[in-house]
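Okay, here's what each chain looks like letter by letter:
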Amino acid sequence: MNRLPLTGWLALALLLPGCSLTRPPARAEAPVPAQWLAPRPPPLPHGGAVPALAAWWRDAGDPLLAELVEAAQAASPTLASAAARIAEARAARVQAGAAGLPALDGQLALSRGNALSGAAGGGSATLPTFTTAQAGLQAGWELDLFGGLAAGRDAADARLAASQAQWHEARVAVAAETANAVFAERACRRQLAVAEQDAGSRRDSARLTELSARAGFAAPADAALARAGAADASARLRQQRTQCALQLQALAALTAWDAPRLQARLAAADAEAEAALPAALQPVAAVPAQALAQRPDVYAAELAVAAASADVGAAEAQRYPRLSLAGSITAARVRGAGVSESLQTWSIGPLALSLPLFDAGQRAADAEAAHARYGEAAAQYRARVRQAVREVEDALQGLDGTAARTGDADEAVRQYQASLDAVQARRDAGLASQFELEDARRALFAAQTARVALQRERAEAFVALYRALGGGWQRPDAAAAALPPSPAP
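A short tour of the structure in this document, coming up. (Residues numbered from 1 in each chain as written. Predicted model: local features only at pLDDT ≥ 70, side-chain atom pairs only at ≥ 80, totals over all residues. Heavy atoms only, no water.)

## Some words on the environment of tyrosine 466
Part 1 of the reasoning: Relative to the elements of secondary structure, tyrosine 466 occurs in helix α11 (residues 434–468).
Part 2 of the reasoning: For the pair tyrosine 466 and alanine 173, spaced 293 residues apart in the sequence, the C-alpha separation amounts to 9.9 Å. (Helix = DSSP H or I, 4+ residues; strand = E, 2+ residues; numbered from the N terminus.)

The following block contains the structure:
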């Protein structure tokens, strides 16, 4: 019977790892519309171009906004946590890569001693003292027979890339949150100016009506109505001041700036900066659906599918035999009783094969659980793509709607102001009642409040589109990352 030589066993051990198991697809299909539903997308704050997205905060003509965004990103605990997860994923990648490589351990040993030995006649003799020194290397290597270790490396690679994409997503989210907070604070100050103007006008009207009533030229009811309107306006003014203080504190907490410093910088900045922002932006005809591929959260969800696919391969490989190879080299030296001897030994082996015979279904259950997690990751990826489509559509619809309403809101303020001026003139001439004047003031105040809210809504729609398009992030495989549109069923 011919025996396979040692070199033959080694060659067989090196060839067997090519027998890897089939994994489920690393990419899941997700339907994407061929075009957006939003009618005639308005000018975008970045032209839809990825590089312009990344530089939007710096190029928006608002240096304070860019400075606050950078401060918030530097102070964000969310970004710090995301960076820690990158470090953790990088360490896991090193561990997974090391599992498929040989391990080498060194050993050093030193001993000195003697022993008593029986002698003839019932006595004892003392043996000479010996010093023994030993050094050795031991190697071990698990051969990847069915691709389980390679699957573990692939899963770790995917999770590392996903953690990096999630860091970028957190960065974009912090920038968007900061911009919205800045726009909210500025809108609050504009509304505060409206409330101050309304309160001042009502206060003057109440004072004059009170004087007229005392002189007998106005009815007491008109004076009471004027005082009630002034008190109501004063209450609204106090409430608005409180809201502005809360907005300032929220922005200070977000950016880690001192509230007095932040208040001074905001007061020095142009409060209308975001209202004039769209006029200087480049118009585009449409936003391509492939822009969804530039969202870091979509990319992270895609990588989660790839990692789950690799986990399935690793779990399936545990159900099959495992092969390992060991080896050692040892050098020893013994000295004592005037004698010094050296000894060197080496060995290759054993070449050990481990066969899973019975585990009460544990390995099969692990594989089944891995398949279930893969299905969950694929479903979450599809849901993330659908959510991304919705967010872009919502932002585009918001921009379109606010653009269409801006002219109407401005016209309403102008006409209500003209109406108030006319009623005030008639009131001064004694041809209009205090009730008509109060109604005209309420209408103007409501129109001015609606315009301020519309300006804030439009600014937030720009920020929403910035975030929905990925905030300027580019995936590593951008050249082949476009999501193909799926045909309608």
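## Some remarks on the state of the cysteines
Part 1 of the reasoning: All chains considered together, the criterion is met by 1 disulfide.
Part 2 of the reasoning: Across a sulfur-sulfur distance of 2.2 Å, cysteine 188 and cysteine 244 are joined as a disulfide pair. Negative torsions about the S-S bond denote left-handed disulfides, and the value of about -110 degrees found for cysteine 188 with cysteine 244 makes this one left-handed. Of the two residues, cysteine 188 is situated in helix α6 (residues 148–214) and cysteine 244 in helix α7 (residues 220–255); the sequence distance between them amounts to 56 residues.
Part 3 of the reasoning: On the basis of relative accessible area, cysteine 188 is assigned to the buried category, the value being 7%. (Disulfide = S-S within 2.5 Å. Buried < 20%, exposed > 50% of the residue type's maximum accessible area, 1.4 Å probe, protein only.)

## As for the pattern of salt bridges
Part 1 of the reasoning: This structure, assessed with the given rule, holds 28 salt bridges.
Part 2 of the reasoning: We note a salt bridge from aspartate 311 to arginine 159, for which the minimum N-O separation is 2.4 Å. In this pair, aspartate 311 is assigned in helix α9 (residues 296–317) and arginine 159 in helix α6, connecting sequence segments 152 residues apart.
Part 3 of the reasoning: Across the pair glutamate 438 and arginine 202 runs a salt bridge, and its minimum N-O distance is 2.4 Å. Within this pair, whereas glutamate 438 is found in helix α11, its partner arginine 202 is found in helix α6, the two being separated by 236 residues in sequence. Assigned by exposure class, glutamate 438 and arginine 202 land together as buried. (Salt bridge = Lys/Arg side-chain N within 4 Å of Asp/Glu carboxyl O.)

## Examining the pairing of strand β6 (residues 339–354)
Part 1 of the reasoning: In terms of strand pairing, strand β5 (residues 322–336) meets β6 through 14 bridges, oriented antiparallel. Within β6, the position partnered with serine 328 by the bridge is serine 347.
Part 2 of the reasoning: Joining the antiparallel neighbours β5 and β6 is a turn of 2 residues, in which alanine 337 adopts a positive phi near 55 degrees. (Pairing = 2+ DSSP bridges.)

## Some points on the nonpolar core
Part 1 of the reasoning: Membership of the largest hydrophobic core comes to 28 residues, with the highest contact counts inside it found for Leu292, Val305, Tyr381, Val385, Val392 and Leu465.
Part 2 of the reasoning: Mapped onto this core, the elements with two or more residues apiece are α9, α10 (362–428) and α11.
Part 3 of the reasoning: Residue contributions to this core peak at 13 residues, all from α10.
Part 4 of the reasoning: Grouped together as the second largest cluster of nonpolar side chains are 22 residues, Val69, Phe183, Ala252 and Ala259 included. (Core = buried A, V, L, I, M, F, W, Y, C linked by side-chain atoms within 4.5 Å.)

## Observations concerning the packing of aromatic side chains
Part 1 of the reasoning: Overall, the coordinates contain 2 aromatic pairs when judged by the stated rule.
Part 2 of the reasoning: Taking 5.0 Å as the distance between ring centres and 35 degrees as the angle between the ring planes, the aromatic pair formed by phenylalanine 146 and tyrosine 320 counts as tilted. A residue pair is termed long-range when its members are at least 10 positions apart, and phenylalanine 146 in the loop between β4 (130–143) and α6 and tyrosine 320 in the loop between α9 and β5 qualify at 174 residues.
Part 3 of the reasoning: We classify phenylalanine 146 as partly exposed; its relative accessible area is 21%. (Phe/Tyr/Trp six-rings, centres within 6.5 Å; stacked < 30°, edge-to-face > 60°.)

## Details of the layout of surface pockets
The gaps of empty space that remain are located by a probe, the size of a water molecule, rolled over the atoms.
Part 1 of the reasoning: Taken as a whole, the largest pocket spans an internal volume of roughly 380 Å³.
Part 2 of the reasoning: What lines the largest pocket is a set of 21 residues, among which Arg159, Ala162, Gln166, Ala300 and Ala304 lie closest to the centre.
Part 3 of the reasoning: Secondary-structure elements contributing two or more residues to the lining of the largest pocket are α5 (77–99), α6, α9 and α10.
Part 4 of the reasoning: Of the residues forming the lining of the largest pocket, the biggest block, 8 residues, is contributed by α9.
Part 5 of the reasoning: Here the residues of the lining of the largest pocket are counted per class, giving 10 nonpolar, 3 polar and 8 charged. (1 Å grid on protein atoms, 1.4 Å probe; cavity = no way out; pocket = protein on both sides within 12 Å on 5 of 7 lines; lining within 4 Å. Points joined across faces, edges and corners; volume = space filled by probe spheres on them. Nonpolar A, V, L, I, M, F, W, Y, C, P; charged D, E, K, R; others polar.)

## A word on the packing of α7 against α11
Part 1 of the reasoning: At a minimum axis distance of 10 Å, the contact between α7 and α11 shows a crossing angle of 15 degrees. By the angle between their axes, α7 is roughly parallel relative to α11. As for how α7 packs across α11, the hand of that crossing is left-handed. Across the interface between the two elements, Asp222, Leu225, Ala226, Gly229, Arg236 and Gln247 from α7 touch Gln434, Phe435, Glu438, Phe445 and Arg456 from α11.
Part 2 of the reasoning: Classifying every residue of the contact of α7 with α11 by side-chain character gives 4 nonpolar, 3 polar and 4 charged. (Axes fitted to C-alpha atoms, helices over the stretch in contact; angles between N-to-C directions. Parallel < 35°, antiparallel > 145°, perpendicular 65-115°, else oblique. Left-handed = near helix turned anticlockwise from the far one by under 90°. Contact = heavy atoms within 4.5 Å.)

## Let's talk about empty space enclosed by the protein
Part 1 of the reasoning: Under the defined criterion, the tally for this structure stands at 2 cavities of 30 Å³ or more.
Part 2 of the reasoning: If you trace the largest cavity, you find 13 residues lining it, with Glu142, Asp144, Gly148, Ala317 and Arg322 closest to the centre.
Part 3 of the reasoning: Residue classes in the lining of the largest cavity are distributed as 8 nonpolar, 2 polar and 3 charged.

## Section: the sheet that holds strand β1 (residues 103–113)
Part 1 of the reasoning: Strand order in the open sheet formed by 4 strands is β1-β4-β5-β6, with antiparallel pairing between adjacent strands. Since the sheet does not close on itself, it has two edges, and those belong to β1 and β6, each with one partner. Direction aside, neighbouring strands of the sheet carry axes that sit 10 degrees apart on average.
Part 2 of the reasoning: By the bridge criterion, 14 bridges tie β4 to β5 in an arrangement that is antiparallel. Across the sheet, the residue bridging to threonine 132 is valine 334, located in β5.

## Re the side chain of glutamate 185
Part 1 of the reasoning: Within the fold, glutamate 185 resides in helix α6.
Part 2 of the reasoning: Leaving out residues up to four positions away in the same chain, glutamate 185 has contacts with Gln247, Leu248 and Leu266.

## Details of unusual backbone geometry
Part 1 of the reasoning: The backbone of alanine 256 sits at a positive phi, close to 65 degrees, despite the residue not being glycine.
Part 2 of the reasoning: Relative to the helices and strands, alanine 256 resides in the loop between α7 and α8 (259–268).
Part 3 of the reasoning: Accessibility expressed as a relative area gives 54% for alanine 256, which makes it exposed.

The analysis is restricted to geometry; functional conclusions fall outside its scope.
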